Structure formats: structure tokens, C-alpha cells
Amino acid sequence: MAISILALAAAAYSPNFAAPQLAPTAAAAHLAALRPHPVACAPSDDERDETAQFLQILGGLSLGCVGVFSGASALGADDVVAGNLVLVALAAVGAYLFYFDGGVTQAALASQAVQEVASGEGELVAQAPLEEAESRAGRPAAAVAADPAAAADALRADGVVRIDGALSAAAADALAAHVDAELAAARSEKPSLDADGRFGPVLSRTNRWDLKLRRGPAVDGALAEVLASGGVAKLLDHALGDEPGGGEKKGATLFELAALVSDPGSPRQPIHPDTPRRPGSEAPAVVTAFVALQDVDEEMGPTLFLPRTQSADAHEKFNAPEDGGRAKAELLRTTPHRLGLLKKGDVALFDARLLHGGLDNRSARRRRLFYFSFKDDNAAVRPSESIMDEVRRRYSLEDCAAWG
Ligand SMILES: O=C(O)CCC(=O)C(=O)O
């Protein structure tokens with residue numbers, strides 16, 4: 001689930017995103033989910049720490065200024081010279097904070113820029129139509145497992161297809177409890193430089209985690225069930241490695257294995273693809289499954305998908321920085337969207353090039369998505385960080401479908 005934060009930060013300062021146009025729209029419930037909202041939740045522990053740190057810095061700076069001014073005056077400098085010395089000292093401290101504070105200041109600025117991008121995008125997307133039926137219901141898993149052709153065509157055309165009931169309620173509950181326990185344990189661990197970290201690089205991190213999962217009964221069982229009886233393995237087999245007129249089909253390898261958890265108060269993410277388009281290739285390199293571990297309603301920050309934006313045309317518009325973001329703004333304003341309003345056990349399966357992003361969780365409930373992706377063995381793609389090293393590049397689609 002990686003994307004360049006710097007690219008997003010640059011986009012935040014493009015004129016089209018600073019001043020998105022608001023058009024009157026039909027009043028519909030989904031707009032509440034799409035429009036950007038002020039975050040009305042209690043501050044997180046991280047935010048409290050940042051405030052305390054800010055107050056400490058402010059206090060230290062004030063004392064420092066008084067100290068420099070008094071010291072310079074005591075040494076015989078007149079007020080102008082003493083004042084200039086204070087300014088020089090402030091500039092030096094500012095430079096230190098920006099470049100040598102372990103990245104805290106830069107990270108805070110980047111994160112603010114990312115949220116500005118997300119907010120501007122929300123205003124634009126809210127003007128485009130919602131694909132309501134596809135947001136609320138998908139194809140039954142049993143039907144997909146029996147005959148995947150129609151779902152495979154939909155995935156190829158739209159870049160996203162929904163499969164309902166691919167994971168049993170019992171398996172979803174077991175995995176949800178496992179994710180909660182693993183997240184609590186991972187958050188209390190001290191990060192170690194030599195160990196494989198537990199978190200992937202998710203966008204908009206306040207109250208949101210990309211928790212890498214280890215193999216174990218709950219994870220193996222859920223993955224195998226979604227792949228085998230849920231029909232997803234057949235869809236992946238269709239989607240990956242079938243370059244029309246292309247070379248030999250090799251198969252697919254497990255690429256990501258993790259859980260996305262967004263707690264109340266998590267902000268919306270900027271819209272993004274997970275992988276770029278490969279020049280000269282129409283087929284996806286990576287296909288990702290989001291599996292709901294509880295029902296997801298509009299308040300819980302469902303995933304927003306922009307169907308058919310896996311195309312070369314959409315990527316060109318989305319990534320056209322030289323026009324100041326105009327083509328991107330037009331794309332977002334006019335492309336119909338879908339929401340991942342999944343019931344427990346439903347799956348949103350999507351081409352990783354598709355534009356998408358998680359919305360803000362305005363509910364009082366935790367949203368957990370079990371997710372995994374497979375990569376076409378023919379494709380060269382930058383490795384993802386959303387998988388434990390012990391699982392990376394080791395298991396084929398066939399291996400995983402037989403787990404459990
Ligand atoms: O949370 C979601 O629904 C989507 C997350 C996502 O797209 C990402 O982290 O890359």
C-alpha cells in the first residue's frame with residue numbers, strides 16, 4: 001500500500017487543489033461519506049505528545065531569546081545588535097528543527113499537505129455520480145466459484161469487482177479478534193532496527209494502521225477460504241499473467257498479506273493507485289483483495305473506488321503535474337465512484353493500478369479489512385512493504401489456496 005508522500009505534498013500546492021470548485025449536487029446520503037469532514041474526535045496519544053513537544057519547544061525558544069538578548073546586552077551590545085543576535089539564533093534553531101530533529105517537523109508538514117490533498121479531492125469526487133447498486137451488493141461467492149468468467153470480465157473492464165460471502169462469519173470473527181490482539185501487541189512493542197517491523201507504510205496514519213500478518217490458523221484459514229470456496233483464486237488466475245498475445249503464463253505469487261485497521265477519527269486518504277502502469281502492458285501486475293471482517297457502513301470510512309481508472313488515459317490525467325492539476329481535478333469531478341460498503345465476509349477485488357483510497361471513519365466503530373494481493377510472476381514490480389519477510393516471495397496462488 002505504498003505511494004510517494006512527496007508527490008502528494010507537491011500536489012497539495014497546485015492551484016486546483018487549493019481552490020476546488022464546489023457545485024451544487026443532489027442531496028444523497030453517500031455525499032456525507034464523500035465530503036471532507038473536520039475531525040471531531042479526541043486527540044490521539046501521538047497528537048497529545050506532539051502538542052506537549054510543541055509547548056516545550058515554544059517555552060525553550062522564549063527563554064532562549066530572553067537569555068541571548070540579556071547576555072548580549074550584558075556584554076555591552078546595544079539593543080539592535082542584541083535583537084539581531086536573537087534573530088540569528090532563532091534562524092539557527094529553526095534550521096536545526098527542520099533538518100536535524102529526526103524528521104519530526106518535515107513529517108508533520110508532509111502529513112498536513114497529504115490531508116489537504118485528500119480534502120480537496122473529497123470536494124471534487126462528491127460532484128460525480130455514485131454507482132449505488134455496485135456499492136451495496138456484489139456477485140455471490142458460490143456463483144463466482146462455479147463460473148468465474150463474468151466476474152473476471154467485470155474485473156478486467158472496471159478494475160474492481162465485488163464478491164459477496166467469500167469468507168464465513170465464523171472465520172471473519174476469528175480473524176478480527178486475531179487482528180485486534182496482534183495490533184495491540186505490535187503497538188506496545190518497541191520498534192527494533194534488526195527485526196522486520198509490523199507496520200506497512202499506510203497513508204494518513206492517524207488512527208490507521210497497515211498491520212502485516214504472520215502465518216497462523218486464523219490467517220491461513222481465511223486466505224485459503226477466500227481463495228478456494230470464495231472463488232477468488234479462479235479470478236486471480238484469469239486476471240494475472242494473461243497478457244493478450246503475450247508470452248508464456250507463469251502463475252502468481254503472494255505479494256502482500258496484512259490488515260488495514262481504521263479506528264474512529266482516522267482521516268480520509270488521498271486517492272492513489274498502489275502500482276503504476278507498466279509501459280506496453282494492459283494486464284495488471286498485481287491484484288488485491290480487501291476482505292471485510294465486519295460490516296462496513298458509510299460512517300466507517302469505506303474504501304472509495306474509481307472504476308475504470310486503471311486505464312492509461314486515467315493515469316495520464318491523474319499524473320499530469322505540468323497542467324497544475326487541472327486534468328486530475330476534471331477526472332475526479334467526472335468519474336463515477338463506488339464505495340466498499342461490504343458486509344462481513346464480502347470481498348472487493350481490484351486491479352492495484354485502480355485509483356482508490358480509504359475514507360474517514362466518523363463512526364464509533366473500528367473498521368478492519370483483511371487484505372492480500374498476488375503478483376503476476378512475469379511482471380517486475382517494486383516489492384511491497386506490506387508483507388512479513390518470512391512470507392515474502394515464498395508462496396504461489398496454489399500453495400495459499402491449499403492452506404488452512
Ligand atoms: O483503507 C482503505 O479502505 C484503503 C486503504 C488503501 O488504499 C491504502 O492504504 O493504500
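Everything numeric here is computed off the predicted structure, so don't read it as measured data.

**Q** Describe the overall build of the protein chain, naming the residues involved and giving the relevant values.
**A** Within the protein chain one finds 15 helices and 10 strands. Counting the 404 residues in the protein chain, one finds 43% classified as buried. In the protein chain, the share of contacts with a sequence separation of at least 24, taken over all contacts with a separation of at least 6, comes to 87%.

**Q** Outline the sheet that holds strand β2 (residues 160–164), supporting the account with residue identities and numerical values.
**A** Across the sheet, which stays open at both edges, the seven strands sit in the order β1-β2-β8-β5-β10-β4-β3 with mixed pairing between neighbours. Two strands in the sheet have a free side with no partner beyond their single neighbour: β1 (139–140) and β3 (208–212). Pairing geometry for strand β4 (residues 252–262) and strand β10 (residues 367–376), over 10 bridges, is antiparallel. In the strand pairing of β10, alanine 258 is matched with tyrosine 371. Where helix α9 (residues 149–158) meets the sheet, it contacts β1, β2 and β8 (347–351), and its direction lies at approximately 145° from that of β2. Sitting on the sheet, helix α10 (residues 169–188) is in contact with β3, β4 and β10, with an inclination near 100° to β3.

**Q** Can you tell me about the sheet that holds strand β9 (residues 355–358), naming the residues and giving the values?
**A** The strand order across the open sheet formed by three strands is β7-β6-β9, and the pairing between neighbours is antiparallel. A single partner strand is all that each edge strand has here, and the edge strands are β7 (338–339) and β9. The pairing of strand β6 (residues 303–306) with β7 spans two bridges and is classified as antiparallel. Among the inter-strand pairings, leucine 304 is bridged to a residue of β7, identified as leucine 339.

**Q** Run through the packing of helix α6 (residues 104–125) against helix α14 (residues 326–334), naming residues and quoting values.
**A** Packing of α6 against α14 leaves a shortest axis separation of 7 Å and a crossing angle of 50°. It follows that α6 is oblique to α14 by the angle criterion. Between α6 and α14, the contacting residues are Glu121, Leu124 and Val125 on the first element and Ala329, Leu332 and Arg333 on the second. Of the residues that constitute the contact of α6 with α14, the class distribution is four nonpolar, no polar and two charged.

**Q** Report on unusual backbone geometry, specifying residues and quantitative values.
**A** Of note, the phi angle at asparagine 207 is positive, near 60°, even though the residue is not glycine. Locating asparagine 207 in the fold gives a position in the loop between α10 and β3. Judged by local crowding, asparagine 207 falls into the buried class, with 21 C-beta atoms found within 10 Å. Look at arginine 308: it is not a glycine, yet its phi comes out positive at around 75°.

**Q** Lay out helix α11 (residues 217–227) in plain terms, naming residues and giving numbers.
**A** Of all the residues in α11, the buried ones are Ala218, Val219, Ala222, Leu223, Glu225, Val226 and Leu227. Buried-residue contacts for α11 involve α10, α12 (232–239), β5 (286–292), β8, β10 and α15 (397–401).

**Q** Give a description of the packing of α10 against α11 that names residues and reports values.
**A** Between α10 and α11, the shortest axis-to-axis distance is 9 Å and the interhelical angle comes to 140°. When the axes of α10 and α11 are compared, the pair comes out oblique. Remark: the crossing between α10 and α11 carries left-handed chirality. Facing Ala171, Ala174, Leu175 and His178 of α10, the residues of α11 in contact are Ala218, Val219, Gly221, Ala222 and Glu225.

**Q** I'd like a description of α14, backed by residues and values.
**A** Those residues of α14 not exposed but buried are Lys328, Ala329, Leu331 and Leu332. Along α14, the residues classed as buried sweep out an arc of 160° about the axis, all on the same side.

What counts, and where the lines are drawn
Numbering of residues starts from 1 in every chain and runs along the sequence as written. With the structure being a predicted model, the display of local features is reserved for residues of pLDDT at least 70 and the display and counting of side-chain atom pairs for 80 or more, all residues being used for whole-chain, interface and lining totals. Strands here are runs of E lasting at least two residues and helices are runs of H or I lasting at least four, both read from the DSSP assignment and numbered beginning at the N terminus. Partly exposed residues are those falling between the two cut-offs: more than 12 but fewer than 20 other C-beta atoms within 10 Å of their own, whereas 20 or more means buried and 12 or fewer means exposed, with C-beta atoms placed from the backbone. Once C-beta atoms have been placed from the backbone, residue pairs whose C-beta atoms lie within 7 Å are recorded as contacts. One requirement defines pairing of two strands: DSSP has to find at least two bridges between them. Axis definition: a line fit to C-alpha positions, over the contact stretch in the case of helices; interaxial angles, taken between N-to-C directions, run 0 to 180 degrees. Comment on the angle field: the value is read as roughly parallel under 35 degrees, roughly antiparallel over 145, roughly perpendicular from 65 to 115, and oblique elsewhere. Gly counts as polar in this scheme, as do all residues outside two lists: the nonpolar Ala, Val, Leu, Ile, Met, Phe, Trp, Tyr, Cys and Pro, and the charged Asp, Glu, Lys and Arg. The hand of a helix crossing depends on one turn: near helix anticlockwise from the far one by less than a right angle means left-handed, and clockwise means right-handed. By definition, the arc is the one covered by directions from the helix axis to the C-beta atoms.

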